[in-house]
Amino acid sequence: MDDQYAALDVEATGMDPVRHEVIEVAVVVFSRERELDRFTSLVRPRARVSLDSATLTGITQEELRGAPPLSEIGATVRRLTAGRPVVGHSIDMDVAMLTAGGVSIASPQYDTHQIATLLLPDLPNYSLAAVAEALGLPLGVEHRALSDAVVAANVFRAMLAKIDEIDTLTLERVASLARSAGMPTADLFLEALRRRPTGPLFVISDTPTQGPHELAFLVPRERPEALRRTGSKREIDEATVSAALQPGGALSQVVGGYEHRRPQEQMALAVARAFNDDQQVLVEAGTGTGKSVAYLLPAAMHARERGETVVVSTNTLALQDQLFRKDIPDLKRALDGNGDQPPFEAAVLKGRQNYLCLRRWFASQRQPVGGPDEAALRAKVLLWLGETETGDRAELRLTAEEESQFRHISAEGEACSASRCVFQQRNQCFLFRARRAAEHAHLVVVNHALLLSDTMEGGRILPDYEHLIVDEAHHLEDQATNQFGFSVSEAALHDVLDSAIRVDGPMFGGTVQLAINELARAATNDADRTRAASSLERARALLTRSSALKLSANDLFARLREIVDQTGQGSSGYDRSLRITSHIRRQSQWVEVEVAWERVDRDLISVEADLAWFLESVERLPTEKDKDDDLGAVEDLAVDLLNAIRQSGEFRAKLAEIVIDPSDEAVYWIERDNNRGTVSLRAAPLHVGPFLQERLFDRLRTAVLTSATLTTDGGFEYVRERLGLETAKELAVASPFDYERSTLLYLVDDIPEPNAPGYQRDLQDVLIELGMALGGKTLVLFTSHAALQATYRAIKAPLEDRGVVVLAQRSDGSARQLIERLKHSDNVMLLGTSTFWEGVDVVGSALSALVIAKLPFSVPSDPVFAARGEGFDEPFQQYAIPQAVLKFKQGFGRLIRSSHDRGVCAVLDRRVISKRYGASFIQSLPPCTVEVAGAADLPAASVAWLESVPTAR
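Residues numbered from 1 in each chain as written. Predicted model: local features only at pLDDT ≥ 70, side-chain atom pairs only at ≥ 80, totals over all residues. Heavy atoms only, no water.

Draft legend 1. Representation of the overall build of the protein chain in the model. Helix and strand counts for the protein chain stand at 38 helices and 25 strands. The C-alpha atoms of the protein chain give a radius of gyration of 31 Å, which matches the 30 Å a tight globule of 953 residues would have. Principal-axis analysis of the C-alpha atoms gives the protein chain an extent of 90 × 75 × 75 Å. Across the protein chain, every contact between residues at least 6 apart in sequence was considered, and the portion connecting residues at least 24 apart equals 75%. In the form shown here, the protein chain has an accessible surface area of approximately 40300 Å², with 49% of it arising from carbon and sulfur atoms. Across the protein chain, the mean location of the 104 positive side-chain charges is 1 Å away from that of the 134 negative side-chain charges. (Helix = DSSP H or I, 4+ residues; strand = E, 2+ residues; numbered from the N terminus. Rg over C-alpha atoms; globule rule 2.2 N^0.38 Å. Contact = heavy atoms within 4.5 Å. Areas by Shrake-Rupley, 256 points an atom, 1.4 Å probe, with all protein chains shown as cover. Lys, Arg positive; Asp, Glu negative; His and termini not counted. Charge placed at Lys NZ, Arg CZ, Asp CG, Glu CD.)

Written out as structure tokens, the structure reads:
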């Protein structure tokens, strides 16, 4: 059966082989050329099929009633797979389900999902349908076994063809790495090698041997010219801005289904005036305004006219991607159609950690593979390098373990410079190519984290700019808190040490081992040979000190763990935290922490001294010969050692600040991750407004901050104070949606408050009745995972008995998968926490009801929240309420996403009407039709509203 494979797919009642059962099986036998045989059968399970499974697959309980049990078709499945490698998408799950049912599969397994992550980087997702579509293959009926098996077979054939296109040298290396990673896929690469004609490399014209693959881009590249000011002082013509947004205007000619929106025009004119008059302006733009175009249009007009850079910052990757891949190209087509103006350029820029460092990558090739995860990462990067133009890790689909390994080959924390890195000199460095592209661009799209990192590094990351637009501005304070703060952990210390020195069997590994090798290789006289010989002794001493340091660090963090376990705050099963107050510092336990810190600090200083010795020794070596024949090995070693010393010094300084030298302008806390059992020390600035004002806004001519949620109680005072924008102008443009006609805001007035007895029971009852009345079509927002899971367990069975699928965050898939299920099904009730208060965009009747289970107040014991609250005369009124109102508005915004949507927003927290502060929440929303009534009447009221309200205008 050489060159024969068996594509296998099963459908099941769930994804747990212990609890769930197979309900359909298909096997397709095929070769590289054609299909040879096929078999499919429904399978009768012992238990009843859940509604979720029936909805997903379309297989009903009635269809299964007459199907054979798995034991009856097991022999056929075994016969068709025997002696043939088994192929499938995430095949291990299919095999596990069959094995649990008594049908074992002994054949080798090839996972098309895993192969796709190697050969098809930069797919938005790696579902079977997405992979088939990327390969140009016909799609079948998803979630039916035979259809999926046929598609998997076609995908596998296409993958074999792609493997045959890989050059021989790369193929050999990938095969070796895949074997080290324990990937069955290694055999496919080896088989491709065996099919290659023999003969000298680079001679046989019909064999793909031009390589290696990763060196395809290693040629000197031209550097784009930096953007130059045109010298024009012409202002943006507001009439031109308005004309571009009118029906028949420039944008309507390039955007399908374009609609003129008066609020969008209002905002665009305000942004234009901000550029013309050098203003700071806060703009709240309601859902549906089209704020992206409203700020991009005047920004592009200004940047192109004057040759000046405008930076656009977003919080989420989704918006960053939308701007760069959709909105900006649309705008570019609209504006570049004007022949008397030069085209405008745009670029995306991310933080260092997102880019592959070529120096580190090639240095890693001189070291043995550290384990399966590192081998898998190297295989993916090796195949990707010949394809990528950006070096951005977002193009790779990495596991969590591979992500951790990527840090060692990323540009994160690099201290390299153009004078020491050959890749920078040739304009091959991905990071600096991205930065130079940004220098050439009129619009530079970044995220808040990078924007704030640039302010901390004195403007050395982004090109010079004086104009800034901040979208999703309600996240800026939290991002500033993260960026201007820091954390230290035992794991971070281990990473620093392990990258410099580690033990691989009897030999040293890491940078120090490379330094020992280089010193020995370059020794040409007695002095050099003596130093090379002493390097081994120095390394042994360093290893001893490193081991002692790990022990002292373990003791320090163990003492911190004891303190947070005894007095920290947090729900059972979730993270615990403890703010380090003056009271904590006066306790005897903290004295023990200080003693443990002294040992860590002393040991770190000793390690740094040893690393400095190696740095001095390496820098004495001649380097000219290395640049051409070894890609700058000596320079690489020097940079790595310098980085290790710098990182150790930074770790010492941060640890010292938290333990013995705290600032009055910062808040410090201990945090325990209960899932991993790890402890970290964290710090954050007490106030970010002054930082932002001094380091960012005061040096700009134009600053536009926008979001759908910036106002509380009808004003911008809260966000002004938090962000340090006391003199900014302000504009609130209403959503173009008619909420009074489209939205019923239902306020329940007869259930207990959230922390009172009986609330959870009443909440569950309301959701069951509402779900049955609407047949699903509901998103329920929670403020805690514990409450979500308790509700999920209580309502799932009753609702599924009535035809409603209940899905929950963390239980039924990723956020993206759950939102897709809600979008494309008409009987889903989805339960979510913080992730789902923003970013959910479901147009149409699939989302007809939004339930806010509890007002989204921050946890009072959160260290940063508690410390900042102490700075207010009335912390709850001045800080907690405005913060919760902004999140409440974000949650409400999930319901109505188009002018044709209609729906019901039910608030099940009676404090919104029983407490005086409740008015702040209601008044923050656009004017809706409001009804205050009992929980029992909610289902009928919702049905009546949805049936009677005409489509919103």
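Draft legend 2. Seen up close, the environment of Pro85. Within the fold, Pro85 resides in the loop between helix 3 (70-81) and strand 4 (86-88). For Pro85 and Gln109, which are 24 residues apart along the polypeptide, the C-alpha to C-alpha distance reads 5.6 Å.

Draft legend 3. Looking closely at the side chain of Thr778. If you trace the backbone, Thr778 turns up in strand 20 (residues 778-781). From its side chain, Thr778 meets the backbone oxygen of Gly776 in a polar contact 2.7 Å long. For Thr778, the residues in contact, after removing those within four places along its chain, are Leu770, Leu822, Val828, Met829, Leu830, Ala846, Leu847, Ala849 and Val851. (Polar contact = N/O pair within 3.5 Å; in protein donor to acceptor, adjacent residues only side chain to side chain.)

Draft legend 4. How the structure looks around the sheet that holds strand 14 (residues 576-579). With antiparallel pairing, the 4 strands of this open sheet are ordered in space as 11-16-15-14. The sheet is open, and its two edges are formed by strand 11 (486-489) and strand 14, each paired on a single side. The mean angle between the axes of side-by-side strands here comes to 20°, regardless of whether they run parallel or antiparallel. The pairing of strand 11 with strand 16 (residues 678-685) spans 4 bridges and is classified as antiparallel. Along strand 16, the bridge assignment pairs Val488 with Leu681. (Pairing = 2+ DSSP bridges. Axes fitted to C-alpha atoms, helices over the stretch in contact; angles between N-to-C directions.)

Draft legend 5. Up close: the packing of aromatic side chains. The tally for this structure, following the rule as stated, stands at 17 aromatic pairs. Between Phe362 and Phe423, the aromatic rings sit 5.7 Å apart at their centres with planes inclined by 10°, giving stacked as the arrangement. Of this pair, Phe362 sits in helix 14 (residues 358-364) while Phe423 sits in helix 17 (residues 422-425), placing them 61 residues apart in sequence. An aromatic cluster is present here, built from Phe857, Phe876, Phe888, Tyr917 and Phe921 joined pairwise through their rings. Geometry around Phe344 places Lys332 over its ring, the cationic atom sitting 5.4 Å from the centre. One Lys or Arg, Arg695, reaches over the ring of Phe484 and ends 5.7 Å from the middle of that ring. (Phe/Tyr/Trp six-rings, centres within 6.5 Å; stacked < 30°, edge-to-face > 60°. Lys NZ or Arg CZ within 6 Å of the ring centre and 35° of its normal.)

Draft legend 6. Examining helix 35 (residues 875-892) more closely. If you check helix 35, its first and last C-alpha atoms are 25 Å apart, about what 18 residues at 1.5 Å a residue would give, namely 26 Å. Ile881 marks where helix 35 bends most, by close to 30°; the proline Pro882 follows one to four residues later. Among all positions of helix 35, only Tyr879, Ala880, Ile881, Pro882, Ala884, Val885, Leu886, Phe888, Lys889, Gln890, Gly891 and Phe892 are buried. (Expected span 1.5 Å × (residues − 1). Bend = angle between axes of the 7 residues up to and from the residue. Buried < 20%, exposed > 50% of the residue type's maximum accessible area, 1.4 Å probe, protein only.)

Draft legend 7. Local environment of the side chain of His448. Here His448 lies in helix 19 (residues 448-456). For His448, the side chain forms a polar contact with the side chain of Ser313, separated by 2.7 Å.

Draft legend 8. Fine view of the nonpolar core. Counting 103 residues, the largest nonpolar core has Phe189, Leu356, Leu692, Phe697 and Leu705 as its most contacted members. Among the elements that make up this core, the one with the highest residue count is helix 7 (residues 145-164) (11 residues). When near neighbours in sequence (up to four residues on either side) are disregarded, Leu705 contacts Val281, Leu282, Val283, Val470, Ala473, Leu476, Phe697, Leu710, Leu723 and Leu725. (Core = buried A, V, L, I, M, F, W, Y, C linked by side-chain atoms within 4.5 Å.)

Draft legend 9. Quick peek at the packing of helix 19 against helix 20 (residues 476-484). Relative orientation of the contacting elements helix 19 and helix 20 amounts to 50°, with a least axis distance of 9 Å. When the axes of helix 19 and helix 20 are compared, the pair comes out oblique. Every pair of crossing elements has a handedness; the one defined by helix 19 and helix 20 is right-handed. When helix 19 is examined against helix 20, the residues His448, Ala449, Leu452, Ser453, Thr455 and Met456 are found in contact with a partner set consisting of Leu476, Gln479, Ala480, Gln483 and Phe484. Here the residues of the contact of helix 19 with helix 20 are counted per class, giving 6 nonpolar, 5 polar and no charged. (Parallel < 35°, antiparallel > 145°, perpendicular 65-115°, else oblique. Left-handed = near helix turned anticlockwise from the far one by under 90°. Nonpolar A, V, L, I, M, F, W, Y, C, P; charged D, E, K, R; others polar.)

Draft legend 10. Focus on the sheet that holds strand 19 (residues 743-748). The 7 strands lie next to each other as 21-22-20-23-24-19-25, forming an open sheet whose pairing is parallel. Strands at the two margins of the open sheet, each flanked by one partner only, are strand 21 (805-808) and strand 25 (929-933). With strand direction ignored, the average angle separating the axes of adjacent strands in the sheet is 15°. By the bridge criterion, 4 bridges tie strand 20 to strand 22 (residues 828-832) in an arrangement that is parallel. For Leu781, the partnering residue across the bridge sits in strand 22 and is Gly832. Set on the sheet, helix 35 makes contact with strand 19, strand 20, strand 23 (849-852) and strand 24 (903-907); between it and strand 23 the angle comes to about 160°.

Draft legend 11. Here's a closer look at the pattern of salt bridges. Throughout the structure, instances matching the rule amount to 61 salt bridges. One salt bridge connects Glu308 with Arg229, and the closest N-O pair in it is separated by 2.5 Å. With a gap of 79 residues between them, Glu308 in the loop between helix 12 (291-306) and strand 7 (310-314) and Arg229 in the loop between helix 9 (186-195) and helix 10 (238-245) connect regions that are remote in the sequence. A salt bridge links Arg559 to Asp555; its shortest N-O distance comes to 3.3 Å. Highlighted residues: Arg559 and Asp555, both in helix 23 (residues 526-567), separated by 4 residues, approximately one helical turn. Arg559 sits in the partly exposed class, given a relative accessible area of 25%. One salt-bridge network, held together by shared partners, links Arg229, Asp278, Glu308, Glu466 and Arg701. (Salt bridge = Lys/Arg side-chain N within 4 Å of Asp/Glu carboxyl O.)

Draft legend 12. Representation of the environment of Asp495 in the model. Relative to the helices and strands, Asp495 resides in helix 21 (residues 490-500). Classification of Asp495 as partly exposed rests on a relative accessible area of 27%. In this structure the C-alpha to C-alpha distance between Asp495 and His408, which are 87 residues apart in sequence, comes to 9.2 Å. Side-chain polar atoms of Asp495 contact the side chain of Arg407, separated by 2.6 Å.

Draft legend 13. Structural context of helix 7. The terminal C-alpha atoms of helix 7 lie 29 Å apart, and with 20 residues this matches the ideal 28 Å at 1.5 Å per residue to within 8%. Of all 20 residues in helix 7, 14 are buried; the element is thus mostly enclosed.

Draft legend 14. Layout of the pairing of strand 2 (residues 22-31). Within strand 2, 10 of the 10 residues are buried, which leaves the element mostly enclosed by the surrounding structure. Where strand 1 (residues 4-12) lies against strand 2, 9 bridges are found, and the strand directions are antiparallel. Bridge assignment links Tyr5 to a residue of strand 2, and that residue is Phe30. Here strand 2 folds back onto strand 3 (residues 35-42), and the loop between the two strands holds 3 residues.

Draft legend 15. Just the state of the cysteines, in detail. The full count for this structure, using the stated rule, is 0 disulfides. Between Cys928, a free cysteine, and Cys905, which holds the nearest cysteine sulfur, the sulfur-to-sulfur gap is 7.5 Å. (Disulfide = S-S within 2.5 Å.)

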